[in-house]
Each structure stands twice: as C-alpha cells, then as structure tokens.
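# Close look at the chain arrangement
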Amino acid sequence: LRYGAGRHFPKQSCLAFRTRFTFGRGVALVSPMLRSLSSALKAWRELTDAWGKALFVGGRLRPDSSPEEAETQWAETCQVWKDLWQRTGRTDAQL
C-alpha cells in the first residue's frame, strides 16, 4: 500500500486518538495524539471534567451562564490541556 508521494505505510500500522474541545467559532483546544485508547479516554475525561457544561450556544453565551463562568471554564480547561501536553514532553515555550 502507498500513500502520499511515494511513501509507504509502516509495516505495523497503529491508531492514534485525540480530543478536540471547541469553545466558540474558531476557538478550540486539541489534545496530543495518543496511541493508547485508555490514555486517550483518560485525557478526554480530564478535559471533559474541566470543561463542565456547555456555556455557549450558537456562538453566544447562554442566558443561564455568566462571563465569569466562561473565564473560569477557559482557564481550567487550558490548564488541563497544558498538563496533557507537558506529560508528552512539551515545554511551556512550545505551548
């Protein structure tokens, strides 16, 4: 099998998983690619717990949510995202 410009698939193919959280139009956090499904699910759970409930709908803050809640949600989710990437060897400068 071939893909791209003459490159071959590795003899052992594997799956990789990542999580993407979208906070609004054009604002998203994406986890690192993880080869272990259990690691990917753990990362997803960590991000989901930090994210909490949906505060936006249609690009607008829900009437039952506050800007302060949105700021807290963003800060907590960003911290978990940063921690996930640092566990894979990324530095603050790379993030």
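Residues numbered from 1 in each chain as written. Predicted model: local features only at pLDDT ≥ 70, side-chain atom pairs only at ≥ 80, totals over all residues. Heavy atoms only, no water.

## Looking at the packing of aromatic side chains
Both the distance between ring centres and the angle between the ring planes are used here to describe each pair of aromatic rings. Test applied: Stacked, tilted and edge-to-face pairs are distinguished by plane angle, under 30 degrees for stacked and over 60 for edge-to-face with tilted covering the rest, among Phe, Tyr and Trp rings (Trp via its six-membered ring) whose centres lie within 6.5 Å. Only DSSP runs of H or I with at least four residues qualify as helices, and only runs of E with at least two residues qualify as strands; both kinds are numbered from the N terminus onward. Burial here depends on accessible area, computed with a 1.4 Å probe over protein chains only, as a share of the maximum for the residue type. Under 20% is buried, over 50% is exposed, and the range in between is partly exposed.
Evaluated as defined, the whole model comprises 2 aromatic pairs. Ring centres of phenylalanine 21 and tryptophan 51 lie 5.4 Å apart, and the angle between their planes is 65 degrees; this geometry places the pair in the edge-to-face category. Pair noted here: phenylalanine 21 is in strand β3 (residues 20–24) and tryptophan 51 is in helix α1 (residues 37–51), with a separation of 30 residues, a long-range link. By relative accessible area, phenylalanine 21 is classed as buried at 7%. A relative accessible area of 23% means that tryptophan 51 is categorised as partly exposed.

## So, α1
Put simply, the rule is: What a helix should span is 1.5 Å times the count of its residues minus one. The arc under discussion is defined with respect to the helix axis, by the directions toward the C-beta atoms.
Its 15 residues place the ends of α1 21 Å apart at the C-alpha level, agreeing with the 21 Å of an ideal helix rising 1.5 Å per residue. For α1, the full list of buried residues reads Ala40, Ala43, Leu47 and Ala50. On an axial view of α1, the arc spanned by its buried residues comes to 90 degrees, and they lie on one face. Those residues of α1 that are exposed and angled more than 90 degrees off the buried face are Ser38 and Asp49. Glycine 52, located one to two residues past α1, shows a positive phi value of around 75 degrees.

## Points about the pattern of salt bridges
Using the following cut-off: Between Lys or Arg on one side and Asp or Glu on the other, a salt bridge is scored when a side-chain nitrogen of the former is within 4 Å of a carboxyl oxygen of the latter.
In this structure the tally under the stated criterion is 3 salt bridges. Here glutamate 46 makes a salt bridge to arginine 87, at a shortest N to O gap of 2.6 Å. Residue glutamate 46 is found in helix α1, and its partner arginine 87 is found in helix α2 (residues 67–87); the two are separated by 41 residues along the sequence. For aspartate 92, the salt bridge identified is with lysine 82, shortest N-O distance 3.4 Å. You can see aspartate 92 sitting in the segment after α2 and its partner lysine 82 sitting in helix α2, a full 10 residues away along the chain. In this structure aspartate 92 comes out as partly exposed when scored by relative accessible area, which is 49%. Overlapping salt bridges, with partners in common, bring together Lys42, Glu46 and Arg87 in one network.

## Digging into the nonpolar core
Burial of nonpolar side chains together is a common tendency in soluble globular proteins. Our working rule: Throughout, nonpolar core names a set of buried Ala, Val, Leu, Ile, Met, Phe, Trp, Tyr and Cys residues whose side chains join them through atoms within 4.5 Å. We call two residues in contact whenever any of their non-hydrogen atoms come within 4.5 Å of each other.
Judged by nonpolar contacts, Phe21, Phe23, Leu29, Leu34, Ala40, Ala43, Leu47, Ala50, Val80, Trp81, Leu84 and Trp85 together constitute the single largest core of 12 residues. Counting only elements with at least two residues in this core, the list comes to β3, α1 and α2. If near-sequence neighbours (up to four positions away) are discounted, valine 80 is found in contact with Glu46, Leu47 and Ala50.

## Some points on the side chain of threonine 19
Its location among the elements puts threonine 19 in the loop between β2 (7–8) and β3. On the basis of relative accessible area, threonine 19 is assigned to the buried category, the value being 10%.

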